Amino acid sequence: MPGQDQTDVRRRRLASAWLLLAFLGVAPSTRGEARGQDAPLATWKGDEGEAVRLSADRVQTWAEGGSSWVLLEDQAEIVQGDVSLRADRAVVRIDREARSGGTTYRLDLYVEGKVRDPGDPGSTFPEVRTRLSTRDTIRVDTRAPGGRHELPRAPAGLPLLARAFPKTSAAEVPKKP
């Protein structure tokens, strides 16, 4: 595009690809067999000062145990600033922390099903765990009309939720430091 510096776009994509390569170098033996709690932990980090956008074709939200929960199904995407993850589905637990400098939101993510980084569209992973923080907003979007549903409680018997936070119900998931 005339007048736009393409170097920054390439640099962001290259940095994103390097983060995924670094992740692969740390946990290559867990790529194929991990399920749920054993999913590799990605070191993917966005800028805490940037907003987080969670989107998918279908989204379910609920509150339980002092946390907000988001289930993203069908073309899930998590974006913070210049970095993003895409996958078939994801579960996100959001905890709010009041601090003297304002509110910080901590997002614990379990992402599964062809997890990929748009900066490196050739590489996919069966599942990934990661954590994000933001002092800005969290936006939840759906791409399909009527695709967002607010639930009174966690969906019962949902295998994805059991894999994301095994051996506990959503309300019993331990908080991470």
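Here the structure is shown first, and the text comes after it.
Since the model is a prediction, treat every value here as computed from it, not as a measurement.

Some words on the overall build of the protein
Turning to step 1, where the next piece is worked out: Within the protein, the secondary structure is distributed over 2 helices and 8 strands.
Turning to step 2, where the next piece is worked out: Listed N to C, the secondary structure of the protein is α-β-β-β-β-β-β-β-β-α in terms of helices and strands.
Turning to step 3, where the next piece is worked out: Per-residue burial for the protein yields a buried fraction of 41% across its 177 residues.
Turning to step 4, where the next piece is worked out: The long-range share in the protein, meaning contacts at least 24 apart out of those at least 6 apart in sequence, stands at 63%.

Considering the environment of Arg-89
Turning to step 1, where the next piece is worked out: Relative to the assigned elements, Arg-89 resides in strand β4 (residues 83-99).
Turning to step 2, where the next piece is worked out: Expressed as a C-alpha distance, the spacing of Arg-89 and Val-59, which sit 30 residues apart in the sequence, is 9.8 Å.
Turning to step 3, where the next piece is worked out: When neighbours within four sequence positions are excluded, Arg-89 is seen to be in contact with Leu-72, Glu-73, Ala-76, Tyr-110, Val-111, Glu-112, Gly-113, Leu-160 and Arg-163.
Turning to step 4, where the next piece is worked out: Polar contacts involving the side chain of Arg-89 include one to the side chain of Glu-112, which spans 2.8 Å.

Let's talk about the nonpolar core
Generally speaking, a soluble globular protein has its nonpolar side chains buried in company with each other.
Turning to step 1, where the next piece is worked out: Counting residues in each nonpolar core, the largest one holds 21 residues, and the members touching the most others are Leu-54, Val-70, Leu-72, Ile-78, Val-92 and Leu-107.
Turning to step 2, where the next piece is worked out: Broken down by secondary-structure element, the contributors of at least two residues to this core are β1 (52-56), β3 (67-80), β4, β5 (102-117) and β6 (120-134).
Turning to step 3, where the next piece is worked out: Counting residues per element, this core draws most heavily on β4, at 5 residues.
Turning to step 4, where the next piece is worked out: With near-sequence residues (within four places) excluded, Val-92 lies in contact with Leu-54, Ser-68, Trp-69, Val-70, Leu-72, Leu-107, Asp-108 and Leu-109.
Turning to step 5, where the next piece is worked out: One finds Val-91, Ala-154, Leu-160 and Phe-165 within the second-largest nonpolar core, a separate group that totals 10 residues.

Some remarks on the pattern of salt bridges
Turning to step 1, where the next piece is worked out: Inspection of the entire model under this criterion finds 15 salt bridges.
Turning to step 2, where the next piece is worked out: Between Glu-77 and Arg-53 there is a salt bridge; the shortest N-O distance is 3.7 Å. You can see Glu-77 sitting in strand β3 and its partner Arg-53 sitting in strand β1, a full 24 residues away along the chain.
Turning to step 3, where the next piece is worked out: Classification of Glu-77 by relative accessible area gives buried; the value is 11%.
Turning to step 4, where the next piece is worked out: Relative accessible area serves as the criterion here: at 23%, Arg-53 is assigned to the partly exposed category.
Turning to step 5, where the next piece is worked out: A salt bridge links Asp-57 to Arg-143; its shortest N-O distance comes to 3.3 Å. Remark: Arg-143 occurs in the loop between β7 (138-142) and β8 (148-150) and Asp-57 occurs in the loop between β1 and β2 (58-64); sequence separation between them is 86 residues.
Turning to step 6, where the next piece is worked out: A single salt-bridge network, built from bridges that share partners, covers Asp-88, Arg-89, Glu-112 and Arg-163.

What counts and what doesn't
Residues numbered from 1 in each chain as written. Predicted model: local features only at pLDDT ≥ 70, side-chain atom pairs only at ≥ 80, totals over all residues. Heavy atoms only, no water. Helix = DSSP H or I, 4+ residues; strand = E, 2+ residues; numbered from the N terminus. Buried < 20%, exposed > 50% of the residue type's maximum accessible area, 1.4 Å probe, protein only. Contact = heavy atoms within 4.5 Å. Polar contact = N/O pair within 3.5 Å; in protein donor to acceptor, adjacent residues only side chain to side chain. Core = buried A, V, L, I, M, F, W, Y, C linked by side-chain atoms within 4.5 Å. Salt bridge = Lys/Arg side-chain N within 4 Å of Asp/Glu carboxyl O.

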